[in-house]
Structures are given as structure tokens and as C-alpha cells.
Amino acid sequence: MDARLTWAFRTAVTREPSPVERAALKKQLSTLLDRYKKDKKSAEAVVRVGQSPRPENLDVSEQAAWTGVCNVLLNLDETLTRE
């Protein structure tokens, strides 16, 4: 999990996350994972959005939780976006 969080953070903002940032992302991932494991319908609603079909070999709760973490990363002020 730490390696994946670090990779996602580095991909979004092009630097290593600080220990505080990594801990916050881990907490968010854990919270979302717990929530989506309890509510599979919500998880399925999250991952149903988009043009690509959902890979059936991925756990829907985990995919939804990671989607939430990636949304957090892409909404950081530090993340560069271009139109």
C-alpha cells in the first residue's frame, strides 16, 4: 500500500510525499475502504462512471477506495492541471 500511495502521489505532484501527507492518504484510503466494504452498492456506483469497462478481477471496494484517493490527489492545489 505504501509503495502504491507514493507512486500515485509522485505521479500527481512530481515529488515524494512527506510522512504527514503519506499518513493522511493512508487514513483516507482506510476510511474509504471500510466504507465501501460495508456498502458495495456505493462502491459499484463509483467505479461504474467512465468509458472503460471495470476490470472484473479487481475488488470493487478497493477500486472505489483508490478512486477516492486519486480524486484527493488530483484536487490538491499543488497538482498541475491544464485545459
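Treat the numbers as computed from the prediction; the structure is a model and nothing was measured.

(A) Representation of the packing of aromatic side chains. Under the defined criterion, the tally for this structure stands at zero aromatic pairs. A cation over an aromatic ring shows up here: R4 above the ring of W66, its NZ or CZ 5.1 Å from the ring centre.

(B) Looking closely at helix 1 (residues 2-13). With 12 residues, helix 1 extends 16 Å between its outermost C-alpha atoms, agreeing within 8% with the 16 Å of an ideal straight helix rising 1.5 Å per residue. Of the positions making up helix 1, those classed as buried are L5, T6, A8, F9, A12 and V13. Around the axis of helix 1, the buried residues are gathered within 165 degrees of arc, so they sit on the same side. Opposite the buried face of helix 1, at more than 90 degrees from it, the exposed residues are A3 and W7. Along its buried surface, helix 1 packs onto helix 2 (19-38) and helix 4 (60-74).

(C) View of the nonpolar core. Residues L25, Y36, V69 and L73 are the most contacted members of the largest nonpolar core, which totals 17 residues. At the level of secondary structure, the elements contributing two or more residues to this core comprise helix 1, helix 2, helix 3 (40-48) and helix 4. No other element matches the six residues that helix 4 contributes to this core.

Criteria and cut-off values
Residues numbered from 1 in each chain as written. Predicted model: local features only at pLDDT ≥ 70, side-chain atom pairs only at ≥ 80, totals over all residues. Heavy atoms only, no water. Phe/Tyr/Trp six-rings, centres within 6.5 Å; stacked < 30°, edge-to-face > 60°. Lys NZ or Arg CZ within 6 Å of the ring centre and 35° of its normal. Helix = DSSP H or I, 4+ residues; strand = E, 2+ residues; numbered from the N terminus. Expected span 1.5 Å × (residues − 1). Buried < 20%, exposed > 50% of the residue type's maximum accessible area, 1.4 Å probe, protein only. Arc of directions from axis to C-beta. Contact = heavy atoms within 4.5 Å. Core = buried A, V, L, I, M, F, W, Y, C linked by side-chain atoms within 4.5 Å.

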